[in-house]
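Fold and contact review
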Amino acid sequence: MKEQLQQALEQVEQGKTEQAAEVVAQIKALPRTGEGVFDLSGLEDAAEIKRMLYPVYAAYETNCNKKEGYLDILRQMRALDEQLQEHYDMLEAAVYIDMSLRTLLYISQEIYECYRELMDLYKKNVRRFLREFYGEGGIRPGAALSGKAEELFTGSLALACRKHILLAEKYEKYCKGLNAGDAAREK
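As the structure is a computational prediction, the values presented were derived from the model and not from experiment.

**A short note on the overall build of the protein chain**
Along the protein chain, the regular secondary structure elements total nine helices and two strands. When the helices and strands of the protein chain are read in sequence order from the N terminus, they spell out α-α-α-α-α-α-β-β-α-α-α. The proportion of buried residues among the 187 residues of the protein chain is 49%. If you take every contact in the protein chain between residues at least 6 apart in sequence, the share linking residues at least 24 apart comes to 59%. Here the protein chain has roughly 9,700 Å² of accessible surface; of this, 47% comes from carbon and sulfur atoms.

**Considering helix α1 (residues 2-13)**
Over its 12 residues, α1 runs 17 Å from end to end, which matches the ideal 16 Å to within 8%, given 1.5 Å per residue. Every buried residue belonging to α1 is among Leu5, Ala8, Leu9, Gln11 and Val12, and all of these are buried. All buried residues of α1 fall inside an arc of 165 degrees around its axis, so they share one side. The positive-phi residue at the C-terminal boundary of α1 is Gly15, with phi of around 85 degrees.

**Focus: the pattern of salt bridges**
For the coordinates displayed, the defined rule picks out 12 salt bridges. Two residues, Asp98 and Arg102, come together in a salt bridge whose shortest N-O distance is 3.0 Å. Of this pair, Asp98 and Arg102 both sit in helix α5 (residues 90-104), four residues apart, which is roughly one turn of that helix. Owing to a relative accessible area of 2%, Asp98 belongs among the buried residues under this scheme. Sharing partners across several salt bridges, the network here consists of Glu48, Arg51, Asp98, Arg102 and Lys148.

**Thoughts on the packing of aromatic side chains**
Across all of its chains, the model carries eight aromatic pairs by this definition. Their ring planes at 40 degrees and their centres at 6.2 Å tell us that Phe129 and Tyr134 sit as a pair that is tilted. For the pair formed by Phe129 and Tyr134, the shared burial category is buried. Residues Tyr134 and Tyr174 carry aromatic rings whose centres are separated by 5.3 Å and whose planes lie at 85 degrees to one another, so their mutual orientation is edge-to-face. Placement of Tyr134 in strand β1 (residues 134-135) and of Tyr174 in the loop between α8 (168-171) and α9 (180-185) is noted, with a sequence separation of 40 residues between them. Exposure class is identical for Tyr134 and Tyr174. Each is buried. By way of ring pairs, the aromatic residues Tyr88, Phe129, Phe133, Tyr134, Phe153 and Tyr174 are connected into one cluster. Stacked on the ring of Tyr88, the Lys or Arg Arg128 has its end atom at 3.9 Å from the ring centre.

Rules and cut-offs
Residues numbered from 1 in each chain as written. Predicted model: local features only at pLDDT ≥ 70, side-chain atom pairs only at ≥ 80, totals over all residues. Heavy atoms only, no water. Helix = DSSP H or I, 4+ residues; strand = E, 2+ residues; numbered from the N terminus. Buried < 20%, exposed > 50% of the residue type's maximum accessible area, 1.4 Å probe, protein only. Contact = heavy atoms within 4.5 Å. Areas by Shrake-Rupley, 256 points an atom, 1.4 Å probe, with all protein chains shown as cover. Expected span 1.5 Å × (residues − 1). Arc of directions from axis to C-beta. Salt bridge = Lys/Arg side-chain N within 4 Å of Asp/Glu carboxyl O. Phe/Tyr/Trp six-rings, centres within 6.5 Å; stacked < 30°, edge-to-face > 60°. Lys NZ or Arg CZ within 6 Å of the ring centre and 35° of its normal.

Any functional reading would require information that these geometric values do not contain.
The structure is reproduced here in structure tokens:
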């Protein structure tokens, strides 16, 4: 399924809507949990699929479906956030942070309420992740960051800084290989 999602995202970006429509129809037909979230529990590597699925869904809705699925996307993001806040796990938080940012990148700013709400969810979780697992000088003593969680989190921060969603000056100390000058030059 990961390959299909990657191809669908590329097709949407290239304007090949017919090919992507089939994958998005499969996404929309996925079973849902009681909260209305896509149920990916039976899939192998569900976290990685989740990180790819929502950006594909958002890209399709933005470029091909007149943004009609935005409310569904936001309902699911809210529900996923609520689940995460109840059991704040480092890897799950990193997956959510990365997924919400990559989804946000495809949400049109013209639909301000949706864009802003997703941005707020993203930033809220970035702040909590930093509070829970980082200190002033880096990883908080006693917070054993998993390699995958740290990689997802710092990669998401670096991307958010490059895309001017977060201030590079404020977050560069957490991003490997990014400094404020890099983000400013990308303008």
